[in-house]
Amino acid sequence: MMQEAPGDRSADKVHGGRVGQQMPQTNSITKAYELAREHFATLGVDTEAVLARVDAVPVSMHCWQGDDVKGFENPNGELTGGIQVSGNYPGRARNAVELRADLDKAMSLIPGAKRLNLHAIYLEADKPVERDAIEPRHFANWVDWAKANKLGLDFNPSCFSHPKSADNRTLSHPDKAIRQFWIDHCKASRKVSESFGKALGTASVMNIWIPDGSKDYPFDRYGPRETLKAALDEVIAEKISTDFHYDAVEGKLFGIGAEAYTVGSNEFYLAYAATRGTMLCLDAGHFHPTEVVSDKLSAAFQFVDRVLLHVSRPMRWDSDHVVLFDDELQAIANELVRGDVLGRTAIGLDYFDASINRIAAWVIGMRNMRKALLKAMLEPKAALAAAETSGDFALRMALMEEHKTSPWAAVWNHYCESRNVPVGTAWFDVVKAYERDVLAKREA
């Protein structure tokens, strides 16, 4: 794998025996799994090997779902830069201690290797720190927590919600002083990212996303992109070993306040990643509603070595809904497995929904991502490849269709039970108990 997690975490042993103890349906789960195992064996698929493989794929959970992208730099500030969060469900994390507790609870309900994705605004400092002055020491508590829980950390510069980003211009800003501020912020962020990799023994992926764009049709499209290219070149000029750090760049078609023109378009960043050797970030919500990331993966991998996935669910625009187990999520997982590019891919989730229990949102999305990977790995790959190579497209179609209703869910249930996390919706009881005992006692 490109970025192996140092290890995984065992589930909490709390809340009425739901987690950490055998569940009443254990025998039925075991029986169903044995039947499923026999079924997949007839297709040449070893379910035990699949379970070991899927368990080792790290998925990076995004910290910003837990507090509505507020961070700790200025928790009472307003989101700007095309980012909005709707809803006001009670129990939002108000500080790093609460956020880490919520992350602990969510991660205890999710099987498999995990990482945490941090934004720069989640620093912890005794006094205000400007973004171009952030240092690894401002994230020391996060590193200690990650070490204790055997997690990898990923990172992001926060080029939004700041007075110097108020006009939706950062790395492409025509004012040299403002542009340099954001260049220096990204440089400082690279040092933080590198420190994560050195401290935790697993490379941190640092993703650069900027809100730069125009609400209405601009006169000059060329100039800002030329400026952005030069700024990015300055940001990544200092070489950092990929043993510790990867650079990634993230494009976007449009957003709030950038409906007519986005400086960092997907075409721009594909070319940049291909020529500069960075990772390319493909966000599932950053394309036209008729486009899908799953179809872009095999094309991008021909020209870039590594891809960062921000798995999200758009609804008409880049609205970052909770990831569902839908056709596109499965198609993304299929492409990663069929193309054998998991080792060149960093998988991270990116959504923020404040209209429902935030921990439930994490758990649903993370479990769905791993479900999709598991189902993809259970495909009869050899039989499908042989059918396609021989031109037997009817057999190819039949195999694909039958897999949709194959007993993969029995394998998933066994996987959850064997990794000591709740089966089915039993995890929701744990979340509701935590809401009653912890979240409900937090002030708005």
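Let us look at the structure shown here. Bear in mind that the values here come from a model prediction, so they are computed numbers and not experimental data.

Procedures and definitions
Residues numbered from 1 in each chain as written. Predicted model: local features only at pLDDT ≥ 70, side-chain atom pairs only at ≥ 80, totals over all residues. Heavy atoms only, no water. Helix = DSSP H or I, 4+ residues; strand = E, 2+ residues; numbered from the N terminus. Buried < 20%, exposed > 50% of the residue type's maximum accessible area, 1.4 Å probe, protein only. Areas by Shrake-Rupley, 256 points an atom, 1.4 Å probe, with all protein chains shown as cover. Lys, Arg positive; Asp, Glu negative; His and termini not counted. Charge placed at Lys NZ, Arg CZ, Asp CG, Glu CD. Core = buried A, V, L, I, M, F, W, Y, C linked by side-chain atoms within 4.5 Å. Contact = heavy atoms within 4.5 Å. Disulfide = S-S within 2.5 Å. Axes fitted to C-alpha atoms, helices over the stretch in contact; angles between N-to-C directions. Left-handed = near helix turned anticlockwise from the far one by under 90°. Parallel < 35°, antiparallel > 145°, perpendicular 65-115°, else oblique. Nonpolar A, V, L, I, M, F, W, Y, C, P; charged D, E, K, R; others polar. Arc of directions from axis to C-beta. Expected span 1.5 Å × (residues − 1). Phe/Tyr/Trp six-rings, centres within 6.5 Å; stacked < 30°, edge-to-face > 60°. Lys NZ or Arg CZ within 6 Å of the ring centre and 35° of its normal.

1. Side note on the overall build of the protein
And then number 1: Per the secondary structure count, the protein includes 14 helices and ten strands.
And then number 2: The principal-axis extent of the C-alpha atoms belonging to the protein is close to 65 × 60 × 40 Å.
And then number 3: Looking at the protein residue by residue over its 444 residues, the buried ones come to 55%.
And then number 4: Surface accessibility of the protein: about 19,000 Å² in total, with carbon and sulfur atoms responsible for 52%.
And then number 5: The centroid of the 52 positive side-chain charges in the protein is displaced by 3 Å from the centroid of its 61 negative side-chain charges.

2. Remarks on the nonpolar core
And then number 1: With 119 residues, the main nonpolar core has Leu-118, Trp-142 and Leu-171 as its most contacted residues.
And then number 2: The greatest single-element share of this core, amounting to twelve residues, is contributed by helix 10 (residues 358–377).
And then number 3: Apart from the residues within four sequence positions on either side, Leu-171 is in contact with Arg-179, Trp-182, Ile-183, Cys-186, Ile-208, Ile-210, Asp-212, Thr-227, Leu-228, Ala-231 and Leu-232.
And then number 4: Formed by eight residues, the second largest nonpolar core is a distinct cluster that contains Val-205, Tyr-246, Ala-248 and Met-279.

3. Things to note about the state of the cysteines
And then number 1: Considering all chains together, one arrives at zero disulfides under this definition.
And then number 2: The closest cysteine sulfur to the non-disulfide-bonded Cys-186 is located on Cys-159, 4.1 Å from its own sulfur.
And then number 3: Considering cysteine sulfurs only, Cys-159 is the nearest to Cys-281, which forms no disulfide, with 14 Å between them.
And then number 4: Since its relative accessible area comes to 0%, Cys-281 is described here as buried.

4. A few points about the packing of helix 4 (residues 140–149) against helix 5 (residues 176–200)
And then number 1: Running from amino to carboxyl end, helix 4 crosses helix 5 at an angle of 30°, the nearest separation of the two axes being 10 Å. The hand of the helix 4/helix 5 crossing is right-handed. In contact with Val-143, Ala-146 and Lys-147 of helix 4, helix 5 contributes Phe-196, Ala-199 and Leu-200.

5. Some details on the packing of helix 3 (residues 96–107) against helix 10
And then number 1: Helix 10 packs onto helix 3 with a crossing angle of 40° between their chain directions and a minimal axis gap of 9 Å. If you check the angle between helix 3 and helix 10, you find them oblique. In this structure, helix 3 meets helix 10 at a crossing whose hand is right-handed. Residue-level inspection shows Leu-99, Asp-102, Leu-103 and Ala-106 of helix 3 in contact with helix 10, the latter providing Ile-359, Trp-362 and Val-363.
And then number 2: Partitioned by chemical class, the residues of the contact of helix 3 with helix 10 number six nonpolar, no polar and one charged.

6. Considerations on the environment of Cys-63
And then number 1: Assignment of secondary structure puts Cys-63 in the loop between strand 1 (59–62) and helix 3.
And then number 2: Every residue in contact with Cys-63, bar those within four places of it in the chain, is listed here: Leu-99, Leu-116, Asn-117, Leu-118, His-119, Tyr-122 and Trp-362.

7. Let's talk about helix 7 (residues 266–276)
And then number 1: Listing the buried residues of helix 7 in full gives Asn-266, Phe-268, Tyr-269, Tyr-272 and Ala-273. Down the axis of helix 7, the buried side of the element spans an arc of 155°, and every buried residue falls inside it. Of the exposed residues in helix 7, those oriented more than 90 degrees away from the buried face are Glu-267 and Thr-275.
And then number 2: Those residues of helix 7 that are buried lie in contact with helix 6 (222–235), strand 6 (245–250) and strand 8 (279–283).
And then number 3: A positive phi of about 75° marks Gly-277, the residue just after helix 7.

8. Focus: helix 6
And then number 1: The end-to-end C-alpha distance of helix 6, which contains 14 residues, comes to 20 Å, matching closely the 20 Å that a straight helix rising 1.5 Å per residue would cover.
And then number 2: Close packing links the buried residues of helix 6 with helix 5, strand 4 (204–208), strand 7 (261–262) and helix 7.

9. Quick notes on unusual backbone geometry
And then number 1: Look at Asn-168: it is not a glycine, yet its phi comes out positive at around 60°.
And then number 2: Within the element layout of this structure, Asn-168 appears in the loop between strand 3 (152–156) and helix 5.

10. Brief notes about the packing of aromatic side chains
And then number 1: Tallying each qualifying case throughout the model produces twelve aromatic pairs.
And then number 2: Relative to Tyr-122, the ring of Phe-72 lies with its centre 5.3 Å away and its plane at 85°, an arrangement referred to as edge-to-face. Taken together, the residues Phe-72 in the loop between strand 1 and helix 3 and Tyr-122 in the loop between strand 2 (114–119) and helix 4 connect sequence positions 50 residues apart.
And then number 3: A relative accessible area of 17% places Phe-72 in the buried class.
And then number 4: On the basis of relative accessible area, Tyr-122 is assigned to the buried category, the value being 0%.
And then number 5: With a centroid separation of 5.0 Å and 85° between ring planes, the pair formed by Phe-181 and Trp-182 is classed as edge-to-face. Of the two residues, Phe-181 and Trp-182, neither departs from the other in class, the shared state being buried.
And then number 6: One aromatic cluster is present, built from ring pairs that chain together Phe-139, Phe-155 and Phe-196.
And then number 7: If you follow Arg-100 out to its NZ or CZ, it ends over the ring of Trp-142, 4.6 Å from the centre.
And then number 8: Here Lys-198 stacks its cationic end above the ring of Phe-244, 5.5 Å away from the centre of that ring.

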